[in-house]
Amino acid sequence: MNEFAGDGGEFGRFIKVWCTVFSSLTYCYYIARNIPKGFPRLLSVLPIVYIFSLLPLNLTSIHFTIGVGFFISWLANFKLLLFCYDSGPLSSNPLPVLPSSTSSMTLLRFLAIACLPIMIKQSNPSSSFSSSSASVHIHRLSYYVMQGFFLGLIFYIYWYDEQYQHKQHFMIINFLYIFHMEIILELFLVIYAALARLIFNLEVEPPFGNMLVISSSFHEFWGRRWNKVVSSLLRSLIYEPVRRITKQSWGIYVAILATFSVSGLMHELIIFYIGRKIPQGNLFVFFILHGIGMSVEIYLKRSSNGKCQLHRLGSQLILSGMLVLSCYYLINPSLERNRVDLMVNKEIAGLIKIIKSSSRHRTF
């Protein structure tokens, strides 16, 4: 618990990291915006990209490290690279906002869009609130309540396994960390999207599609339902430029594999931030396999003019089986090698101690 306290503790380092982020993005807003787009602006932004790539190395907490690594070293850097060519969410194009807001790109809004994992809606928001949209909101709310309940159940399993030391359940517990990270990511992205709407009046897309488990194809899962923020940035920064270069019919497969390769490399970078060990390439292979799966799926659909399609249930089983097996044999070893289980348990135990300590000293 002491490692989080004090000026030299983790909280102090975390605050210093975010001060660096805000000052660097302020530089980009005032300096780089006045430099012509293209290579000149890229030269002025590249030092910031380099700094952002090193920031997670200043932290030791797994949750802080993943947060800064994902939000800043990955998403913010991608947004800045697109900004260099006046593209992406930080561009000078007017932003879709709620009716009561203004579309000017202020510094505060620039900082929010750069730091928060949000995706701005491309269409003009509707001012009407229909009954169908209300039902969608109710459905999403119930889904997130279930996610929170499942997360609490996972934490209980962690505690039970720690209390009774069921070492034979190690692989099962390790497998639960995948769901733990996925649920934490999804709930956090939903919270950040809500904050962007309430505080900055930005009209943002839901970070995830409804019910990931009902996806029936690689394209539906990765392109339409899973983490729309990352999908949008990868599409703009990798897929579309590669597709413009490779205009032939086979170019789509090159673009898909290039996109999944970059995603795999960024996930390997996050794992490096966590464990500070040279990655073994498991996550890269994971995304390459799924990129190949999507390419085969598109090829079969094209070659048969859409006639070669499995029943939806069969497609769901194939996709689910691929996800479970590839997670178990590729992601699990990376988590085990970097001792993610010990790091998560240590931080949860430390958080519980802080809560108990504060409750004992609280006076009413």
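Cut-off values and rules
- Residues numbered from 1 in each chain as written.
- Predicted model: local features only at pLDDT ≥ 70, side-chain atom pairs only at ≥ 80, totals over all residues.
- Heavy atoms only, no water.
- UniProt positions renumbered as here; feature names shortened; annotations may be inferred.
- Patch = residues over 30% accessible without salt bridge, like charges linked within 9 Å, V, L, I, M, F, W, Y side chains within 5 Å.
- Areas by Shrake-Rupley, 256 points an atom, 1.4 Å probe, with all protein chains shown as cover.
- Salt bridge = Lys/Arg side-chain N within 4 Å of Asp/Glu carboxyl O.
- Helix = DSSP H or I, 4+ residues; strand = E, 2+ residues; numbered from the N terminus.
- Buried < 20%, exposed > 50% of the residue type's maximum accessible area, 1.4 Å probe, protein only.
- Disulfide = S-S within 2.5 Å.
- Core = buried A, V, L, I, M, F, W, Y, C linked by side-chain atoms within 4.5 Å.
- Contact = heavy atoms within 4.5 Å.

Within an unreviewed UniProt entry, the label attached to the protein reads Wax synthase domain-containing protein, and the organism entered is Papaver atlanticum. In its Subcellular location (unreviewed entry) section, UniProt records this for the protein: "Membrane".

Novice: Which residues make up a nonpolar patch on the surface, and what values do they have?
Specialist: A grouping of Leu257, Val285, Leu289, Ile292, Val296, Tyr299 and Leu300 is seen on the molecular surface, where their side chains present a nonpolar patch of about 550 Å² in accessible area. Broken down by element, the residue count for the nonpolar patch peaks at six residues, all from helix α10 (residues 282-303). Relative to the helices and strands, Leu289 resides in helix α10.

Novice: Describe the pattern of salt bridges, and please don't skip the residues or the numbers.
Specialist: Tallied over the entire structure, the rule returns two salt bridges. Between Glu10 and Arg13 there is a salt bridge; the shortest N-O distance is 2.6 Å. Of the two residues, Glu10 and Arg13 both sit in helix α1 (residues 10-30), three residues apart, roughly one turn of that helix. Look at Glu10 and you get buried, because its relative accessible area is 0%. Across the pair Arg225 and Glu220 runs a salt bridge, and its minimum N-O distance is 2.8 Å. Across the pair, exposure class does not vary: Arg225 and Glu220 are buried alike.

Novice: Please set out the state of the cysteines residue by residue, giving values where relevant.
Specialist: Throughout the structure, instances matching the rule amount to zero disulfides. Free of any disulfide, Cys28 has its nearest neighbouring cysteine sulfur in Cys84, separated by 7.8 Å.

Novice: Go over the nonpolar core, please, and point to the residues and values.
Specialist: Counting residues in hydrophobic clusters, the biggest one holds 81 residues, and the most contacted among them are Val21, Leu25, Phe52, Ile72, Leu80, Ile118 and Trp222. Here this core takes 13 residues from helix α3 (residues 62-83), the largest share from any one element. Non-local contacts of Leu80, meaning those with residues more than four positions away in its chain, are made with Leu25, Cys28, Val45, Ile48, Phe52 and Leu90. Membership of the second largest hydrophobic core comes to five residues, among which are Leu151, Ile154, Ile183 and Leu187.

Novice: Describe the side chain of Asn227, listing the residues and the values that go with them.
Specialist: Within the secondary structure, Asn227 is located in the loop between α7 (218-225) and α8 (228-245). A residue is classified by how much of its surface remains accessible, and Asn227, at 3% relative accessible area, is buried. Not counting residues up to four positions away in its chain, the partners in contact with Asn227 are Phe70, Leu185, Leu189, Pro207 and Phe208.

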